[in-house]
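Coordinates in review
Residues per chain, in single letters:
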Amino acid sequence: MAKQEDDFKKVISHAKEYGYVFQSSEIYDGLSAVYDYAQNGAELKKNIREYWWKAMVQLNENIVGIDAAIFMHPTTWKASGHVDAFSDPLIDNKDSKKRYRADVLVEDYVAKIEGKIEKEVDKAAKRFGDSFDKAQFLNTNQRVVEYQERATSILKRLGKSLENEDLDDVKRLIEELEIACPMSGSKNWTDVKQFNLMFGTKLGATTETAMDLYLRPETAQGIFVNFLNVQKTGRMKIPFGIAQTGKAFRNEIVARQFIFRMREFEQMEMQFFIKPGTQQEWYEKWKDMRMKWHLSLGMGEENYRFHDHEKLAHYADAAADIEFRFPFGFKELEGIHSRTDFDLSAHEKFSGKKLQYFDNDTRESYVPYVIETSIGLDRMFLAVFSKALQEEELENGTTRTVLRLPSVLAPNKAAVLPLVKKDGLPEVARKIIDDLKWDFNVTYDEKDAVGRRYRRQDANGTPFCITVDHQTLEDETVTIRHRDTMEQQRVAISELKGIIHQEVDMKSWLMKMA
Ligand SMILES: Nc1ncnc2c1ncn2[C@@H]1O[C@H](COP(=O)(O)OP(=O)(O)OP(=O)(O)O)[C@@H](O)[C@H]1O
């Protein structure tokens, strides 16, 4: 645990030190769970967004993108269920005055039981070696079976109490499990209350005419209310999708873990409209396609897993998360939801407007079903950034910090370094930049010894360093150094563009999805 915390702290401080993420309004001591993306962070974020957009919109003839407003008519949120149901159960500890999500307290308790199971499995695996059969062990070992039953029964009871809105029982459960406040160790709890996560604001200048609005808590509804406009003007035929990226706002009760859980964040969502009855097939397809997108970035298959939901949201008939191994363990990165016709039907009802698709072939109208893929851009940023940050022991006994970002996402693709600040080398370096900058983000660095500059670019995630030296003046060649292997090659200046393109072009990365 201590190592995990330590690794995570390194991620946060590296993000700040190298111009990726700053605390918002830092000079005023910051704003909790709100962050700003700095000069490198904004580029990385833009590249992730583009990587998603190309995969979803550009490569699929039947998916189009929109950009809906953050403000929406307030009835939208009544229809979607957010006014009534977008809340979390909260509980306060009377001694520490700390606020928690009651369900998360219980889930953390269950996670500890699951940790015990994992420990037993590890012990047995060591004891039995090759002959260890994990499935059989889980089914037959008395202690493990008891742990599993206990974990399941706690989660079942929690699920049932939440479903029945029996918040008193959630409190009873916390008391029966003797869960203590992680800060103070106190078990002196308030009652559990529901807390709506939407931020309210007002539209209009005068008190009498001002209208209560919400900042959107998800981008999806901007797609649903535009479903028919897009379908008609784009002459879209089912199955088809509408994609969107944009800000969403949630007044999270417990906002921690850096950019993993923010109060203002960005989502990349796609709603895929299908014929009722085909949802199972499309749900499986989209699970598969989204996983392939993640794997195309080469961050290791072992760092992803699916988590199929048993407890479903009010709008879903199936749901799964793609979980990623963050520095603090496996956690949700993306959700894939089979949303049935819940949203479109609700908007039909609340708006009084028909939101149906007319099928020209069968001559029938129906409300389409929807499969949604929804990923947090900031969470994806954290996934990429935290996995990329590595400390490496080198052969000469030193260590280097290297940010192994997938080169397609790296903010700068190359740094051009004159070996010395004289003899005309800076001028040649600038000329190289002037040529490359039309194709890539390229940066210039002349300060310090070249070895230190290499390390600085490694820590910044720049895939290539191009060094201009005295030989360059004679034969128009330079050294190109690769971030990951630290290998250096002597190449002609005219070859640089081709070498960089080959490594960073989105096409070759996205083709790995096939
Ligand atoms: N507060 C947040 N900060 C950053 N990203 C978020 C936040 N809430 C949701 N997301 C991202 O948006 C995606 C889709 O949102 P969704 O409503 O399905 O999340 P969720 O199930 O409420 O997430 P969680 O269970 O972590 O609160 C999530 O998979 C996540 O990547």
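Residues numbered from 1 in each chain as written. Predicted model: local features only at pLDDT ≥ 70, side-chain atom pairs only at ≥ 80, totals over all residues.

- In the annotation of an unreviewed UniProt entry, the entry for the protein chain reads Glycine--tRNA ligase, and the organism field reads Kriegella aquimaris.
- Recorded under Subcellular location (unreviewed entry), the UniProt text for the protein chain is reproduced unchanged: "Cytoplasm".
- The UniProt entry for the protein chain carries this comment under Subunit (unreviewed entry): "Homodimer." (UniProt positions renumbered as here; feature names shortened; annotations may be inferred.)

1. Considerations on the overall build of the protein chain
- Of the regular secondary structure elements, the protein chain holds 18 helices and 23 strands.
- In terms of C-alpha radius of gyration, the protein chain reaches 26 Å, essentially the compact-globule figure of 24 Å for 514 residues.
- Dimensions along the principal axes, computed over C-alpha positions, put the protein chain at roughly 80 × 65 × 55 Å.
- In the protein chain, buried positions account for 32% of the 514 residues.
- Put simply, 65% of the contacts in the protein chain that link residues at least 6 apart link residues at least 24 apart. (Helix = DSSP H or I, 4+ residues; strand = E, 2+ residues; numbered from the N terminus. Rg over C-alpha atoms; globule rule 2.2 N^0.38 Å. Buried ≥ 20, exposed ≤ 12 C-beta atoms within 10 Å, placed from the backbone. Contact = placed C-beta atoms within 7 Å.)

2. As for helix H17 (residues 496–504)
- Among all positions of H17, only Leu496, Ile500 and Val504 are buried. Taken down its axis, H17 places every buried residue within 35° of arc, on the same side. Those residues of H17 that are exposed and angled more than 90 degrees off the buried face are Gly498 and Gln502.
- The elements touched by buried residues of H17 are strand S19 (414–418), helix H14 (425–436), strand S21 (464–468), strand S22 (477–482) and strand S23 (488–492). (Arc of directions from axis to C-beta.)

3. Overview of the sheet that holds strand S4 (residues 87–92)
- Strand order in this open sheet of three strands is S5-S4-S6, and the pairing throughout is antiparallel. Two strands in the sheet have a free side with no partner beyond their single neighbour: strand S5 (99–101) and strand S6 (193–196). Here the strands of the sheet are splayed against their neighbours by 45° on average, with no regard to which way each runs.
- Bridge analysis of S4 against S5 gives three bridges, and the strand direction is antiparallel. Bridge pairing in S5 places Ile91 opposite Tyr100. (Pairing = 2+ DSSP bridges. Axes fitted to C-alpha atoms, helices over the stretch in contact; angles between N-to-C directions.)

4. Some details on the UniProt feature "domain: Aminoacyl-transfer RNA synthetases class-II family profile" (unreviewed entry) in the protein chain
- In the numbering adopted here, UniProt assigns the feature "domain: Aminoacyl-transfer RNA synthetases class-II family profile" (unreviewed entry) to residues 177–418.
- Across residues 177–418, the secondary structure splits into 21% helix and 36% strand, with the terminal C-alpha atoms separated by 65 Å.

5. Quick notes on the nonpolar core
- Formed by 83 residues in total, the largest nonpolar core has its most connected members in Phe381, Val416 and Ile466.
- A per-element tally of this core places helix H13 (residues 377–388) first, with seven residues.
- In this structure Val416 touches Ala429, Ile432, Ile433, Val442, Tyr444, Ile466 and Val468, once residues within four positions along its chain are discounted.
- In this structure, Tyr100, Ala102, Val106 and Val192 belong to the second largest nonpolar core, which totals 13 residues. (Core = buried A, V, L, I, M, F, W, Y, C linked by C-beta atoms within 7 Å.)

6. A short note on the packing of helix H2 (residues 39–58) against H13
- The geometry of H2 relative to H13 is characterised by a closest axis approach of 10 Å and an angle of 110° between their N-to-C directions. Considering the angle they form, H2 stands roughly perpendicular to H13. For the pair formed by H2 and H13, the contact residues are Leu44, Lys45, Ile48 and Arg49 on the first element and Leu377, Met380, Phe381 and Val384 on the second.
- Here the contact of H2 with H13 is built from residues that sort into six nonpolar, no polar and two charged. (Parallel < 35°, antiparallel > 145°, perpendicular 65-115°, else oblique. Nonpolar A, V, L, I, M, F, W, Y, C, P; charged D, E, K, R; others polar.)

7. With respect to the UniProt feature "binding site: substrate" (unreviewed entry) in the protein chain
- This chain's UniProt record puts "binding site: substrate" (unreviewed entry) on Arg101, Glu218, Phe265, Glu266, Gln267, Met268, Glu269, Glu372, Thr373, Ser374, Ile375 and Gly376. Taken together, the annotated residues stretch across 276 residues and extend over separate regions, lying up to 26.1 Å apart by C-alpha.
- Along the polypeptide, Glu218 turns up in the loop between strand S8 (211–214) and helix H9 (220–224).
- For Glu218, the residues in contact, after removing those within four places along its chain, are Ala248 and Gln267.

8. Concerning the site of the ligand
- Neighbouring the ligand are 16 residues, the closest being Phe265, Gly335, Ser374, Gly376 and Arg379.
- For the shell around the ligand, the element with the highest residue contribution is strand S13 (residues 329–340), accounting for four residues. (Near = placed C-beta within 6 Å.)

9. A look at the domain arrangement of the protein chain
- Each assigned domain of the protein chain is listed here: domain 1 (87–193) and domain 2 (412–513).
- On a C-alpha basis, the centroid separation for the pair domain 1 and domain 2 is 52 Å. (Domains from an automatic or database assignment.)

10. Re helix H8 (residues 167–176)
- Regarding H8, the residues found buried are Val170, Leu173 and Ile174. Burial along H8 is one-sided: seen end-on, the buried residues are contained in an arc of 100°. Structural note: H8 exposes Asp168, Glu175 and Glu176 on the side pointing more than 90 degrees away from its buried face.
- The elements touched by buried residues of H8 are S4, helix H5 (102–128) and helix H7 (142–163).
- One or two positions beyond H8, positive phi appears at Glu178, with a value near 55°.

11. Notes on the pairing of strand S12 (residues 318–326)
- Pairing geometry for strand S11 (residues 304–308) and S12, over five bridges, is antiparallel. Residue Tyr304 lies in a different strand from S12, and its bridge partner there is Phe324.
- The pairing of S12 with S13 spans nine bridges and is antiparallel. Within S13, the position partnered with Ala320 by the bridge is Ile336.
- The hairpin formed by S12 and S13 contains two residues between the paired strands.

12. Some words on the sheet that holds strand S3 (residues 63–66)
- Read from one edge of the open sheet, seven strands run S3-S9-S10-S16-S13-S12-S11, paired in mixed fashion. The strands lining the two open edges of the sheet, one partner per strand, are S3 and S11. Averaged over all adjacent pairs, the angle separating strand axes in this sheet is 25°, with direction ignored.
- Of the strand pairs in this sheet, S13 and strand S16 (residues 369–376) are connected by six bridges, and their pairing is antiparallel. Following the sheet pairing, Thr340 is matched in S16 by Val370.
- Relative to S3, H2 is tilted by about 140°, and along the sheet it contacts S3, strand S9 (240–249) and strand S10 (264–274).

13. What to know about the confidence of the model for the protein chain
- When the pLDDT values of the protein chain are averaged, the result is 95; 100% of them are 70 or greater.
- Predicted as a complex, the structure gets a pTM of 0.89 and an ipTM equal to 0.97. (pLDDT = per-residue confidence, 0-100.)

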